[in-house]
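The lines below spell out each chain.
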Amino acid sequence: MSLIDNDLLSIQEARILLERAADSAEVLEGLPGTLVDDFLQHLREGLLPKAGEYAEEAFAESDYCSPEDEAGLTKWVLTDLLGEVSAQTPVQRIVRSSNGSAEVCLPKGVVVSLLPDWLSVPTMLSQLVMAVRSKSPVVFSASARVHETCAMVMGDVLKIAEFCHYPAEALGYLSIFCPEGEEWVCSQPCVRVVIDSREDGSDPRRFDAAGKDVYFATLGNNPVFVESTADLSACADEVVLGKSYCYGMLPGAEQSVVVERAVDTRFQEELRRRGCHFLSDEEAERLVSSLFMPDGRPYRELIGKSAFDLARRADVEVLESTKVLVVERPYVSEGSLFSRAKFGPVLSYFVEDDWRHACEKCIELILGSGSGNALAIFSKDPEVIRQFILKKPVGRVLVNVSTALGCIGCHSDLPKTLTVTGWNSATTSRLGVTYEDFVRRRQVGISGGEAERALLDKAGSCDHTPVVIKVRLPDPDGPGGTRREVAAGSGKEPQDWFSGVVQAMKNDFVEE
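Please read these numbers as outputs of a predicted model, since none were measured by experiment.

Reading the values: the criteria
- Residues numbered from 1 in each chain as written.
- Predicted model: local features only at pLDDT ≥ 70, side-chain atom pairs only at ≥ 80, totals over all residues.
- Heavy atoms only, no water.
- Helix = DSSP H or I, 4+ residues; strand = E, 2+ residues; numbered from the N terminus.
- Expected span 1.5 Å × (residues − 1).
- Buried < 20%, exposed > 50% of the residue type's maximum accessible area, 1.4 Å probe, protein only.
- Arc of directions from axis to C-beta.
- Polar contact = N/O pair within 3.5 Å; in protein donor to acceptor, adjacent residues only side chain to side chain.
- Phe/Tyr/Trp six-rings, centres within 6.5 Å; stacked < 30°, edge-to-face > 60°.
- Lys NZ or Arg CZ within 6 Å of the ring centre and 35° of its normal.
- Contact = heavy atoms within 4.5 Å.
- Patch = residues over 30% accessible without salt bridge, like charges linked within 9 Å, V, L, I, M, F, W, Y side chains within 5 Å.
- Areas by Shrake-Rupley, 256 points an atom, 1.4 Å probe, with all protein chains shown as cover.
- Salt bridge = Lys/Arg side-chain N within 4 Å of Asp/Glu carboxyl O.
- Pairing = 2+ DSSP bridges.
- Axes fitted to C-alpha atoms, helices over the stretch in contact; angles between N-to-C directions.

**As for helix α12 (residues 355–368)**
Right, on to step 1. For α12, built from 14 residues, the straight-helix expectation of 20 Å at 1.5 Å per residue is met to within 8% by its first-to-last C-alpha distance of 19 Å.
Right, on to step 2. Of all the residues in α12, the buried ones are W355, A358, C359, K361, C362, L365 and I366. On an axial view of α12, the arc spanned by its buried residues comes to 165°, and they lie on one face. The exposed residues of α12 that point more than 90 degrees off its buried face are R356, L367 and G368.
Right, on to step 3. Two to three positions downstream of the cap, the backbone nitrogen of R356 sits 3.1 Å from a side-chain oxygen, assigning the N-cap of α12 to D354.

In structure tokens form, the structure reads like this:
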């Protein structure tokens, strides 16, 4: 029997995908904005009804997270996040910057994304819409744990791309998964952006990062501080929802709660009322033994499980409706695994006498284990809020909102994203992969005369990209929706993007 070298096949496929992606950059540059917007709209209409199906497939393949929550997250990506991205300044348009000068956004180039094993579908779609809007070629790779599900989603995306005459070469997917293939594709000089969304205790990918913007997504060891003036009911709602949604696997999910002693008893009551179970010391030891290996790495099979499932595996009796397991600790210890990020609905709980000691406790948690993703403060005292905003070594401070729902821009006004980077591992000040990370800005300078300003404004209003008007006829079996494009006098679909555009323009001319 002959052996198949998957590593060589993966590298070969990666080479072909990169060649096509690099060549498609010029094609994308000439795409009219109307075609890009049309493709995004059809992505929304075509994929939104399949959100539940994708979530069920992802759960069946990976055994991570809650299918219901993941389906809701995918719908959020295809509605709220897509809407925010579509409202951003498009590439190749000369606009006035905030200081009055002119600038233009241009695509950075080829993007490579290594998808996580959990929430892979919403993560992929969030990055996909940003790449499409910025006219950037993108190549995705998913590990063996979610490979088939992501391939299915990409297949649906490519059908919609063909229907909308969007160049399929700009949307790549590594169908042969192998670490060697991923490392090779990330190291190539034509790649300008690498997004590594994997954080599971495994060895990081090794590749040549020279000349690239590299983003490492992390959950982070994110603390929440509850001050004595806080609205305890609203705080408990936010913390429990953020930590239980997708079984604690949202980017930026809270890991610890630091409570001022004056409101400790009342806040514990609020948490218990919302489905939190406080563990005894003996139960906590059994839980930590089942969650982590002796070297501190999490057991992969226990990532993204429900609180009831984790308790059952640790031989702890809890109600089936339990949402979060809470472990009280007197101090932060480097040797305590509860002082680190927990890949599930488990919270550490600390009590401090006043907000100044709580401030020190939060810094210990952030510096002891984590990359400085976020901190949440629940308070009505403006001076305490100011001190936490200024003093904490984190990339985001969320005020009266959970870190999980705040970091991704769901319950906050932060930019919407599902790829959250930390204070120590980000290459931009935004600390999360958004549309802005797919484009580079070119400054445009002119003299101060009114004639020159008018000339630049006229240049910004010029648009020489071809306008494609598509003729659509009803077809319930057409891909991507209930309508399809047909060429006048032709009974078949165009075979490639260029011929499709030319044919559509001919159709429009004939009808006129």
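Picking up after the structure, the text goes on.
**Observations regarding the packing of aromatic side chains**
How two aromatic rings sit relative to each other is given by the distance of their centres and the angle of their planes.
Right, on to step 1. In total, this model carries five aromatic pairs according to the counting rule given.
Right, on to step 2. Relative to F388, the ring of F225 has its centre 4.9 Å away and its plane inclined at 0°; by these criteria the two rings are stacked. On the criterion of sequence distance, the pair formed by F225 in strand β8 (residues 222–226) and F388 in helix α13 (residues 382–391) is long-range, its members being 163 residues apart. For the pair formed by F225 and F388, the shared burial category is buried.
Right, on to step 3. Members of the aromatic cluster, connected to one another through ring pairs, are Y64, W118 and F343.
Right, on to step 4. Directly above the ring of F388 sits K392, whose terminal nitrogen or CZ lies 3.9 Å from the centroid.

**Some points on the side chain of K135**
Right, on to step 1. By the element assignment, K135 lies in the loop between α5 (120–133) and β4 (138–141).
Right, on to step 2. Take K135: its relative accessible area is 8%, and that puts it in the buried class.
Right, on to step 3. With near-sequence residues (within four places) excluded, K135 lies in contact with L28, E29, L31, V36, V91, Q92 and P107.

**Regarding the environment of E148**
Right, on to step 1. The residue E148 is located in helix α6 (residues 147–163) in this model.
Right, on to step 2. Along the sequence, E148 and S175 sit 27 residues apart, while their C-alpha atoms lie 8.8 Å from each other.

**What to know about a nonpolar patch on the surface**
Right, on to step 1. Together, I389, L390 and V399 make up a nonpolar patch on the protein surface, roughly 250 Å² of accessible area in all.
Right, on to step 2. Looking at the secondary structure, you find L390 in helix α13.

**Side note on the sheet that holds strand β3 (residues 110–114)**
Right, on to step 1. Taken together, five strands build an open sheet; the order of strands is β5-β4-β3-β6-β7 and the sheet is parallel. At either end of the open sheet lies a strand with only one pairing partner, and these are β5 (171–173) and β7 (213–216). Pairwise comparison of adjacent strand axes, ignoring direction, gives a mean angle of 15° for this sheet.
Right, on to step 2. Bridge count for β3 against β4 is four bridges, and the pairing is parallel. Of the residues in β4, the one forming a bridge with V112 is V139.
Right, on to step 3. Along the sheet, α6 contacts β4 and β5; its crossing angle with β5, the most-contacted strand, is approximately 160°.
Right, on to step 4. Helix-sheet contacts for helix α7 (residues 179–187) involve β3, β4 and β6 (191–196), and the interaxial angle to β3 is about 150°.

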